Amino acid sequence: MRTTQERQVCILLPNKQHLDCTVRVRARGHEVLNSVLKQLCISELQVFSLAVLRDNEYLFLDLEQKLSKYFGKRWNRGSLTIPFILFLRVQYYVESGRLILSSKVQQLYYAELRQKVLLSQSRHQEALFFQLAASALQAEVGDLEQREGHDEEEEEEEERKHRHYFLPEDYFPSWLIKRRGRDFLLQHCPVLHVEMRGVSRSQAVLQFIKEASSLQDGAVTFYRMRREKKELRSSILLGVALKGVHIYQEMEGKPCLLYDFSWTDIDRFTFQGRRFEISAVGSLGLPKLVYYSPSAFHSKHILRHLSDTHRLHIDTRGVVGYIQQLEDMEACHFYKEAYICDTARLTQRLQSLTSSMSDCSAAVEMTTAWSKEEEEEEEEEEEEDNVSVTEFELCVDEPEEFFVDDPTEVSWLAELLRGASVDGPLALPSSYWAAVTVEMKQVLRRRADEGVSVD
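The structure displayed is predicted, hence computed values, not measured ones.

Trainee: Could you give me a rundown of the overall build of the protein, with the residues and numbers involved?
Mentor: Broken down by element type, the protein carries 15 helices and 13 strands. Among the 455 residues that make up the protein, the fraction classed as buried is 45%. For the protein, long-range pairs separated by at least 24 residues make up 65% of all intrachain contacts whose partners lie at least 6 apart in sequence. When the accessible area of the protein is evaluated, it comes to approximately 23800 Å², of which 48% is carbon and sulfur surface.

Trainee: Break down the layout of surface pockets for me, with residues and values.
Mentor: Gaps left between atoms are located by rolling a probe of water-molecule size over the structure's atoms. Approximately 1100 Å³ is the volume found for the second largest pocket. Arg89, Lys116, Leu119, Val220 and Phe222 are, among the 38 residues lining the second largest pocket, the residues nearest its centre. Elements supplying a minimum of two residues to the lining of the second largest pocket: strand 4 (57–60), strand 5 (84–90), helix 4 (103–119), strand 6 (220–225), strand 8 (244–251) and strand 9 (254–262). With five residues, the top contributor of residues to the lining of the second largest pocket is strand 6. For the lining of the second largest pocket, the residue count by class is 19 nonpolar, nine polar and 10 charged.

Trainee: Pulling in residues and values, what's your account of the packing of helix 5 (residues 126–140) against helix 8 (residues 182–195)?
Mentor: Working note: a packed helix pair is described by the angle between its axes plus the distance between those axes. At their nearest, the axes of helix 5 and helix 8 sit 9 Å apart, and the two run at 65° to each other. Classified by the interaxial angle, the pair formed by helix 5 and helix 8 is roughly perpendicular. The crossing of helix 5 and helix 8 is right-handed. Judged by residue contacts, Phe130, Gln131, Ala133, Ala134, Leu137 and Gln138 of helix 5 engage Phe184, Leu185, Cys189, Leu192 and His193 from helix 8.

Calculation notes
Residues numbered from 1 in each chain as written. Predicted model: local features only at pLDDT ≥ 70, side-chain atom pairs only at ≥ 80, totals over all residues. Heavy atoms only, no water. Helix = DSSP H or I, 4+ residues; strand = E, 2+ residues; numbered from the N terminus. Buried < 20%, exposed > 50% of the residue type's maximum accessible area, 1.4 Å probe, protein only. Contact = heavy atoms within 4.5 Å. Areas by Shrake-Rupley, 256 points an atom, 1.4 Å probe, with all protein chains shown as cover. 1 Å grid on protein atoms, 1.4 Å probe; cavity = no way out; pocket = protein on both sides within 12 Å on 5 of 7 lines; lining within 4 Å. Points joined across faces, edges and corners; volume = space filled by probe spheres on them. Nonpolar A, V, L, I, M, F, W, Y, C, P; charged D, E, K, R; others polar. Axes fitted to C-alpha atoms, helices over the stretch in contact; angles between N-to-C directions. Parallel < 35°, antiparallel > 145°, perpendicular 65-115°, else oblique. Left-handed = near helix turned anticlockwise from the far one by under 90°.

Okay, structure coming up:
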């Protein structure tokens, strides 16, 4: 009997919704991604990609590969009733939510970070979880009404309502609820929420994204590894973050940070089958770190993720610098108004950023090709002596130092801050901009003289 030539695919989204699509048996990953874009009515996913769950671990698809590579024989047999499951997940974390141009994509990014915060084990950052909860409540609930009880009975009723408008389990990790108790969280979290009164929901989302990037295990993708090839249990966690790589070891069920490498700390990554090596730069004086991934299939995809993330970090530093200047200017009270991002203009300015996020995988060159056996689904243990070595060497070029000399460039910063058009007159006299330019020059020169690292 001839099998059907179509397959049903279900894509699970970070906000707990799902999308369904029908593709050909010989379909590739990008066909599913195009269906997702069409159903979400957006043109670019930027920081997201499709992932498959393999050995209880998310691996991001090479969108040019056939889906049969990820689902194996089950895909060829097919099923008219049971769909194949893919996940839309964040592949590249960013330092600022303003780098995400689509509001829909930004909301999906926020939804995934919300779940990661609930699963976080950063027990030494307890205060940050309260601020994250306040930002999330402001984004989802809005302004908290002021209590105005007129007598003792009314005041007690208002106090009860005031304290029980949210569930701690929806905003705090389980270990923190256990440590502090639900009553403590219900009493103190609303105090921080009230302090955010007047902040718009969209601004609260941006604030949450920025704060979550400070969480040690927040904006990180983890891969499990073993210390020894024949070790039964994976005790090492390799974390891929925007600015580098984190290495954790699980001790008594809790992750313990062993190494926190920035990209400039790493000389190269090398995979040979399951064997994964990290060579730090000589100045650190560290021995070569050797771990083992679950399979050569995992190794290939982890290496791709590492190289793509590193390239994205390099490509976006200039844009991140612009945004940092905006926030510095606001912090220095150059503007009293909260800034509103002009999405259309920002889209035009960040055109290269968007292409970097979507195309960086294609730009990465591997030093060797993987054999056919490594590309097929691994049902048996690989003969690793015959597996070629894949090596990725990091080259971190320092960005050119720039100074804001041109008032038109400064006016672009003003445009992002206030939503003003650069084609219109400056909101402030040129003498004011001259003073800003001089101030920014002095700051940048001081940083250059002090040798402050760009990372």
